[in-house]
Amino acid sequence: MPTRRPAATFALAAGLVVIAGGTTGLLLTRHPALAMRPAAVGVAALPAPTGPIVAPPQSTAPKPVAAPVSLTIPLIGVRTQLITLGLTSAGELQVPSSTAVAGWFTGSPRPGAIGSAIIVGHIDSLSGPGVFYRLSELTVGDKVYVKRADGTLAEFRVTSVQTYLKDRFPTEDVYGPVPDAELRLITCGGAFDAATGHYLSNIVVYATEVS
Amino acid sequence: MNFRDAIRNLLMLLGVSALLLGIPAATAYASSATTGTGWIRLAHLSPNTPAVDVYLYSFGNSNAMIVLHHVAYGTVSPYESVPAGDYSVAMRAAGASATSQPVLSTSVTIAAGHAYTVAGMGPESGLRLQVLEDQLTTAPGQAEVRVIQASLKQQVVTVTLGSTVLASGLKFASVSDYQPVSPGTQSVTVSSSGGDTHSSVTLAAGTVHTLVVLDGASGLEVVNLEDASGSGKPPLGGVSTGFGGTAPHGPGSPVPWLVAIGAGSLLALTGGLRLRRDRQLNTGI
């Protein structure tokens, strides 16, 4: 019948379009969207900060150390002021409300004083990279600088980069006492659980002060 | 294209899609080996022994890893971070040749994550090198303290911190055990047959200290060494420092797409068959 022809043609055309669309969608979702990882750069992204670099503390009569005010990691382009962080009412570590700044946990030693100083920052926001986005690129020997309220500079050298499941976070290793001036930089990493909106792991960069 | 070609192309597309369904998402994150290092510091705590040069050798190595020159009584070096392993410590008279026979030597095994003090202790006539392991943990919210008695003039001392007795009748060249104490600034009293000496120390929560009783210029002195420091009240668990904006998205469910392809195929088939029949009827096949 002549009237069937336009309908049939439409059905064929529409069917092919739907097949094409379905196949395209299928192919696109077969490829997982890769993490936004930047190309690794070997050249320092920022110059080292200037300032009088102080020697690490002596165990006899250590001088009091001024509070930290900023953090610079030249190799991965991190330059951030340091806000202060405490504990939540649940006893967990507070995190910065901005994903663009890092914070020093005031319940930990000051960077450059004897002990394990703790600095944390977000790896990302809901939409893009955060201040500690490239933290996992750091390797042994990389330099980290903390400027203090009195204008002095403490220089640290990365000694280790570890990833821990949050369920098995090694509290003693990260927050426990140490005999030299050390820094621990913490951010999130590992797999992201979309159901809860949280990363499953923490990345911890350990660094020791150098003279 | 004709109907048969359309079906063939569709099947090819479906076949390719099926292949791609099997590709897994690869994820990797960086981690590096844990450092196997420990810490060691060197001390001269023999009141009547002149200054010494102190050498640290890693086992089997005749070249010293660390040399401290002219270390006088009462000196405690800062901690050095060294690879875990076996070492030897030697003391020579200050200025003596590095190849001369040491006055004293001892071996020490440094375990990863542990800290040690190697101290020249005792009177000069009975000088010995003692290896002390230093504590690196505190009870939650507390500080930890021990006493090294290095006074020869007052052979026996009792040391109290506030109202806590840290060491009772501690003999010369002895070390008390670490004890947990409440944090804060408190007065330290060293009592001996020569009288009492008072001073004040501040011990923060999460810190480990060694108080050393020394013969000072005019009576006993107390030196407060901070052995280690950490968070007095550590946070619980991990840290929530990410929102997922840069996280990889896993492959979505293929089901809705397969349903769409199926529906589209049915629609195309129906239309195609109708057109075919229509053409057959019209051309009288």
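Residues numbered from 1 in each chain as written. Chains lettered and ligands numbered in written order. Predicted model: local features only at pLDDT ≥ 70, side-chain atom pairs only at ≥ 80, totals over all residues. Heavy atoms only, no water.

Q: So, the overall build of chain B: which residues are in play, and what are the values?
A: Each helix and strand counted, chain B has two helices and 17 strands in total. Across the 285 residues in chain B, those meeting the buried criterion constitute 40%. Put simply, of all contacts in chain B between residues at least 6 apart along the chain, 59% involve residues at least 24 apart. Just so you have it, chain B exposes about 13900 Å², and 57% of that area is on carbon and sulfur atoms. (Helix = DSSP H or I, 4+ residues; strand = E, 2+ residues; numbered from the N terminus. Buried < 20%, exposed > 50% of the residue type's maximum accessible area, 1.4 Å probe, protein only. Contact = heavy atoms within 4.5 Å. Areas by Shrake-Rupley, 256 points an atom, 1.4 Å probe, with all protein chains shown as cover.)

Q: Outline the overall build of chain A, supporting the account with residue identities and numerical values.
A: If you tally the helices and strands in chain A, you get two helices and eight strands. The linear arrangement of helices and strands in chain A, starting from the amino end, is α-β-β-β-β-β-β-α-β-β. A total of 211 residues make up chain A; the buried ones form 51% of that total. A sequence separation of at least 24 residues applies to 61% of the contacts in chain A between residues at least 6 apart. Within the structure as shown, chain A displays about 9200 Å² of accessible surface, and the carbon and sulfur contribution to it stands at 61%.

Q: If you had to explain the sheet that holds strand 2 (residues 52-58) of chain B to someone new, which residues and values would you point to?
A: Working definition: the strands of a sheet are paired by backbone hydrogen bonds and lie parallel or antiparallel to each other. Residues and elements named next belong to chain B. Across the sheet, four strands lie side by side as 3-2-5-6; this open sheet has antiparallel pairing. Edge strands, defined here as strands with exactly one partner in the open sheet, are strand 3 (66-71) and strand 6 (104-110). Recorded for the sheet is a direction-independent mean angle of 20° between the axes of neighbouring strands. Pairing of strand 2 with strand 5 (residues 85-93), which is carried by seven bridges, proceeds in the antiparallel orientation. (Pairing = 2+ DSSP bridges. Axes fitted to C-alpha atoms, helices over the stretch in contact; angles between N-to-C directions.)

Q: Explain the packing of aromatic side chains residue by residue, including any values.
A: One pass over the structure, following the stated rule, counts four aromatic pairs over all chains. The interplanar angle of 65° and the centroid separation of 5.0 Å between the aromatic rings of Phe-192 of chain A and Tyr-199 of chain A together place this pair among those described as edge-to-face. Judged by relative accessible area, which is 24%, Phe-192 of chain A ranks as partly exposed. Take Tyr-199 of chain A: its relative accessible area is 2%, and that puts it in the buried class. Taken together, the aromatic side chains of Tyr-164, Phe-169 and Tyr-175 of chain A make up a single cluster linked through ring pairs. The positively charged end of Arg-92 of chain B is found above the aromatic ring belonging to Tyr-55 of chain B, 4.5 Å away from the centroid. (Phe/Tyr/Trp six-rings, centres within 6.5 Å; stacked < 30°, edge-to-face > 60°. Lys NZ or Arg CZ within 6 Å of the ring centre and 35° of its normal.)

Q: Which residues make up the nonpolar core, and what values go with them?
A: Generally speaking, a soluble globular protein has its nonpolar side chains buried in company with each other. Of all hydrophobic cores here, the largest spans 24 residues; its most connected members are Leu-71, Ile-73, Ile-119, Phe-132, Leu-183 and Leu-185 of chain A. Among the secondary structure elements, those contributing two or more residues to this core are strand 1 (68-73), strand 2 (78-85), strand 3 (102-105), strand 4 (115-120), strand 5 (143-148), strand 6 (153-165), strand 7 (181-193) and strand 8 (198-210) of chain A. No other element matches the four residues that strand 6 of chain A contributes to this core. Residues contacting Phe-132 of chain A, with those up to four places away along its chain left out, are Leu-71, Ile-73, Val-78, Ala-102, Ile-119, Val-120, Gly-121, His-122, Ile-123, Leu-185, Ile-186 and Thr-187 of chain A. Counting 18 residues, the second largest nonpolar core, distinct from the first, contains Ile-40, Met-91, Leu-104 and Leu-129 of chain B. (Core = buried A, V, L, I, M, F, W, Y, C linked by side-chain atoms within 4.5 Å.)

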